[in-house]
Each structure stands twice: as structure tokens, then as C-alpha cells.
Amino acid sequence: MNIPVWFEVGSLVVLVLILIGDLMLVRLRPHIPSTKESTLWVAFYVGLALVFAGLLYLFAGGQFAGEFLTGWALEYSLSIDNLFVFVLIMAQFAVPRRLQQMVLMVGIIIALVLRGLFILLGVAIIENFSPIFYIFGAFLIYTAIRQAMPDGDHDGEVQRENFIVRLLRRRIDISEEYDGNKLRTVVDGKRMWTPMIIVFVAIGVTDLMFAIDSIPAIFSITHDSFLVFTANIFALMGLRQLYFLLGDLLDRLRYLHYGIAIILGFIGVKLILHAMHENELPFINGGEHIEWAPDIPIWMSLTVILVAMVGATVASLIASSREKRAAKDTAAIVE
């Protein structure tokens, strides 16, 4: 079975309308969402993704539905890593809390545009140069090793953003204060950009860097550009609400980068095994397919992703809880 064209077009139209509606809601009503509101929105977007998977199963078959679910889980897991950098960006540019929803929403739209371009480029490369999976796999394994380093924080991403921001400041006039969610303002009779433009650029650069990791990874799950793009849409749509839902909890997820490293490393190995199985390089096995190299099934990929993320989260929360108890015991002894 193939995915019907009407289903693809209809799905994209509905998703675009949802994104536009979400953007208008944030623009017309800037506020700090409560935990209850954030939870309901995250549940809505997760439920929407599951409904979409069910419709795929109904109209296109279990293979496509499984590929979408696994790709969505992968992109959602990797997108959580974005949240740590978002926190740093918001703090660095002192974005008012009530304006952060607008910043995140615009950042998500920028990410979708950039990832859409990456996906089209990736599909074109894969169709014309299948050995690219060797490069994708090696890159993801390298990224996994960096992610697992004890001192592997996000300072490097922020430094690269600072470089872009410095270039921007040299080129245009930017005011010192925010003017609501406006991009342009008037200072002493002069039209200037507000700091919001810097924040949007910083978020966009972050999304571009994370796309370089995530897009090659999802091609290990499916080569269908529609599934790749919709998995990215569903993963990013709930990211804004997840940012507010997790809040201070992000600081407690100290082992999350290990879970992400495991996922990236696994996907990297999977890509290399797939490249070996479909090998066409003349200097490897005489240009013949390497039959013993297995193609890892979708269910195994989904299992690894879920176990890695749940395991890293539970381990982080347990360690944080133990530290709190130890701190209380120490305080009690001192008293």
C-alpha cells in the first residue's frame, strides 16, 4: 500500500491550520501558561499524533503507521534536548516570561521551514547517493560520543549563537528594551529593531544545528519525505507547552544527555548496518551487498528510544530525590 495523495495533502492543510491557529492564540493572548494548561496542550498534541498514526494505519497500512510512530518518538526525544538551549537563550537575552510563548512559537515555525529544506535535500541525496548512510551513521556516532561526555553541555551552541548575534548587531540598529512582542519600535524618533529579533535569530540557529543531528537520524526509520516531515511537525508542535510544563524540572534531568547519546549511537549503528546491507561502494566487499549486515526492525528502534528516554528520566529523578533527602538530613544534623 501507498499513502494516498489526498491524505497527504489533507493532513498538511490541517496541520498548517493548527499551527496558524496556535500562533494567533499566542500573539493575541501572551501569558504565562499554568501547569494544568501546559499539561492539557501536551496531552492534546500527543493524542493528535496517535490519532494521525491510527489514520495512517487505516488508510496506508501498519508499515507506514509504525514508521511514523517511531520517527515521531525519535524526533520528540531529540527535540527535548532543544529545551535546555532554549532556557539558556531566554535567560541570556532576559526575555520576559509572558513573551516566551511567542518566541518559542516563532522558533518552531522557523524550525519547520529549515527542516523542510533539510528533508528535501536529504531525500535528493539518498536517491542519488545511497552510500550517504555511511556518513550519516558515522556523524551520529560522533555526535553520540560528544553528547555522552561528562562536560558535554550546551555552551558551544550558545557561543555559536553569540557569534551570529554579534554579526547582527553590527548590521542593524537594535534597541535595549523589549516593546511587547513587537519586532520594530521607535526610540527617540528613530525606528529600530527590538531585542526580539536577536532572540528569533538565536532560536533559529539552534534549530538549524539540531536539525543537522535529527534529520539524518529519522532517515534510518523511513525514507518517505511525508512521514519524515509530519513526524517533525508533531514533535515540534508540543515543544512550546513542554517547555513550560517541565520548567525547573529540566535542571533535574541530569542524565537525559546519556539517554539521547544512546539513541543517537544506536541510530548511527543502524544507519551503517543499513548502508552495509545495501552497499554499492566498490572498495567495500567488491561493491556487493553485505548480506550478513541486518536491517534493524522498526519495533526494535522504537523500543530502544522509549527505554533510553524513560530510563534516563527515571534515573535523573531518583538521583535528584536522593540528593534532596541527603540535603535535608544534613540540615537536620546541623540544627
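Every value quoted in this text rests on a predicted model; they were computed, and no experiment measured them.

What counts as what
Residues numbered from 1 in each chain as written. Predicted model: local features only at pLDDT ≥ 70, side-chain atom pairs only at ≥ 80, totals over all residues. Heavy atoms only, no water. Helix = DSSP H or I, 4+ residues; strand = E, 2+ residues; numbered from the N terminus. Rg over C-alpha atoms; globule rule 2.2 N^0.38 Å. Buried < 20%, exposed > 50% of the residue type's maximum accessible area, 1.4 Å probe, protein only. Contact = heavy atoms within 4.5 Å. Pairing = 2+ DSSP bridges. Phe/Tyr/Trp six-rings, centres within 6.5 Å; stacked < 30°, edge-to-face > 60°. Lys NZ or Arg CZ within 6 Å of the ring centre and 35° of its normal. Patch = residues over 30% accessible without salt bridge, like charges linked within 9 Å, V, L, I, M, F, W, Y side chains within 5 Å. Areas by Shrake-Rupley, 256 points an atom, 1.4 Å probe, with all protein chains shown as cover. Salt bridge = Lys/Arg side-chain N within 4 Å of Asp/Glu carboxyl O. Axes fitted to C-alpha atoms, helices over the stretch in contact; angles between N-to-C directions. Parallel < 35°, antiparallel > 145°, perpendicular 65-115°, else oblique. Left-handed = near helix turned anticlockwise from the far one by under 90°. Nonpolar A, V, L, I, M, F, W, Y, C, P; charged D, E, K, R; others polar. Expected span 1.5 Å × (residues − 1). Bend = angle between axes of the 7 residues up to and from the residue. Lys, Arg positive; Asp, Glu negative; His and termini not counted. Charge placed at Lys NZ, Arg CZ, Asp CG, Glu CD. Core = buried A, V, L, I, M, F, W, Y, C linked by side-chain atoms within 4.5 Å.

**Student:** Explain the overall build of the protein to me, using residue names and the numbers behind them.
**Tutor:** Secondary structure summary: the protein contains 11 helices and two strands in total. Starting at the N terminus and walking to the C terminus, you meet the elements of the protein as α-α-α-α-α-α-β-β-α-α-α-α-α. Against the globule reference of 20 Å for 335 residues, the protein gives a C-alpha radius of gyration of 22 Å, in line with a compact fold. Judged by the C-alpha coordinates and their principal axes, the protein covers about 70 × 60 × 40 Å. Across the 335 residues of the protein, 48% fall into the buried class.

**Student:** Residue-level account of the side chain of Q100, with values.
**Tutor:** Structurally, Q100 is set in helix α4 (residues 100-128). Classification of Q100 by relative accessible area gives buried; the value is 6%. Residues in contact with Q100, not counting those within four places in the same chain, are M90, V95, Y243 and F244.

**Student:** Describe the pairing of strand β2 (residues 190-193), naming the residues involved and giving the relevant values.
**Tutor:** Pairing of strand β1 (residues 184-187) with β2, which is carried by four bridges, proceeds in the antiparallel orientation. Residue pairing for β2: V187 is matched across the bridge by K190. Hairpin connection of β1 to β2: two residues between the antiparallel strands, including D188 at a positive phi of 55°.

**Student:** Account for the environment of S214, with residues named and values stated.
**Tutor:** If you trace the backbone, S214 turns up in helix α7 (residues 196-218). Sequence separation of S214 and S79 is 135 residues, and the distance between their C-alpha atoms is 8.3 Å. Not counting residues within four places of it along the chain, the set of residues in contact with S214 comprises E75, L78, R115 and N232.

**Student:** Explain the packing of aromatic side chains to me, using residue names and the numbers behind them.
**Tutor:** Taken as a whole, this structure holds 15 aromatic pairs when the rule is applied. Ring geometry for F7 versus F226: centroids 6.4 Å apart, planes at 75°, classification edge-to-face. Of this pair, F7 sits in helix α1 (residues 5-28) while F226 sits in helix α8 (residues 225-237), placing them 219 residues apart in sequence. Residue classification places F7 among the buried residues on the basis of a relative accessible area of 5%. Of the residues examined, F226 reaches a relative accessible area of 8% and is grouped as buried. When the ring centre of W193 is taken as origin, the NZ or CZ atom of R184, which lies over that ring, is 4.7 Å away.

**Student:** Go over a nonpolar patch on the surface, please, and point to the residues and values.
**Tutor:** On the surface, a cluster of nonpolar side chains totalling about 770 Å² of accessible area is made up of V5, V9, V13, V16, L17, I20, M24 and L28. Relative to the helices and strands, L17 resides in helix α1.

**Student:** A description of the packing of helix α2 (residues 35-60) against helix α9 (residues 239-246) should follow, citing residues and the corresponding values.
**Tutor:** Packing of α2 against α9 brings their axes to within 8 Å, and their N-to-C directions diverge by 140°. Judged on the interaxial angle alone, α9 and α2 are oblique. α2 and α9 meet at a crossing whose hand is left-handed. Where α2 abuts α9, its residues T35, S38, T39, W41, V42 and Y45 lie against Q241, L242, F244 and L245. In the contact of α2 with α9, the residues fall into six nonpolar, four polar and no charged.

**Student:** Now, about α7: what can you tell me, with residues and values included?
**Tutor:** Taking 1.5 Å of rise per residue, 23 residues should cover 33 Å, and α7 covers 32 Å from first to last C-alpha, within 8% of that figure. Along α7, the sharpest kink reaches roughly 35°, centred on A211. Taken across its 23 residues, α7 has 20 buried, putting it largely inside the fold.

**Student:** Kindly report on a negative patch on the surface, identifying the contributing residues and their values.
**Tutor:** Taken together, the side chains of E278, E280, E288, E291 and D295 make up a negatively charged region of the molecular surface. Relative to the helices and strands, D295 is located in the loop between α10 (256-277) and α11 (298-334). Relative accessible area serves as the criterion here: at 40%, D295 is assigned to the partly exposed category.

**Student:** Before we move on, could you go through the pattern of salt bridges and cite the residues and values that matter?
**Tutor:** The full count for this structure, using the stated rule, is one salt bridge. The shortest N-O distance in the salt bridge between R115 and E75 comes to 3.2 Å. Highlighted residues: R115 in helix α4 and E75 in helix α3 (residues 62-92), separated in sequence by 40 residues.

**Student:** Give me the nonpolar core: which residues, what numbers.
**Tutor:** Judged by nonpolar contacts, the single largest core of 97 residues is most densely connected at L56, F68, L74, F219 and I267. A per-element tally of this core places α3 first, with 15 residues. Not counting residues within four places of it along the chain, the set of residues in contact with F68 comprises A49, F52, A53, L56, L227, T230, A231 and F234.

**Student:** So what's going on with the packing of α2 against α3? Which residues, and what values?
**Tutor:** Contact pair α2 / α3: the axes reach a minimum separation of 7 Å and the direction vectors enclose 155°. The orientation of α2 relative to α3 falls into the category roughly antiparallel. Where α2 abuts α3, its residues V42, V46, A49, L50, F52, A53, L56, Y57 and A60 lie against G62, F64, A65, F68, L69, W72 and Y76. Here the contact of α2 with α3 is built from residues that sort into 15 nonpolar, one polar and no charged.

Geometric descriptors of this kind do not, in isolation, establish any biological role.
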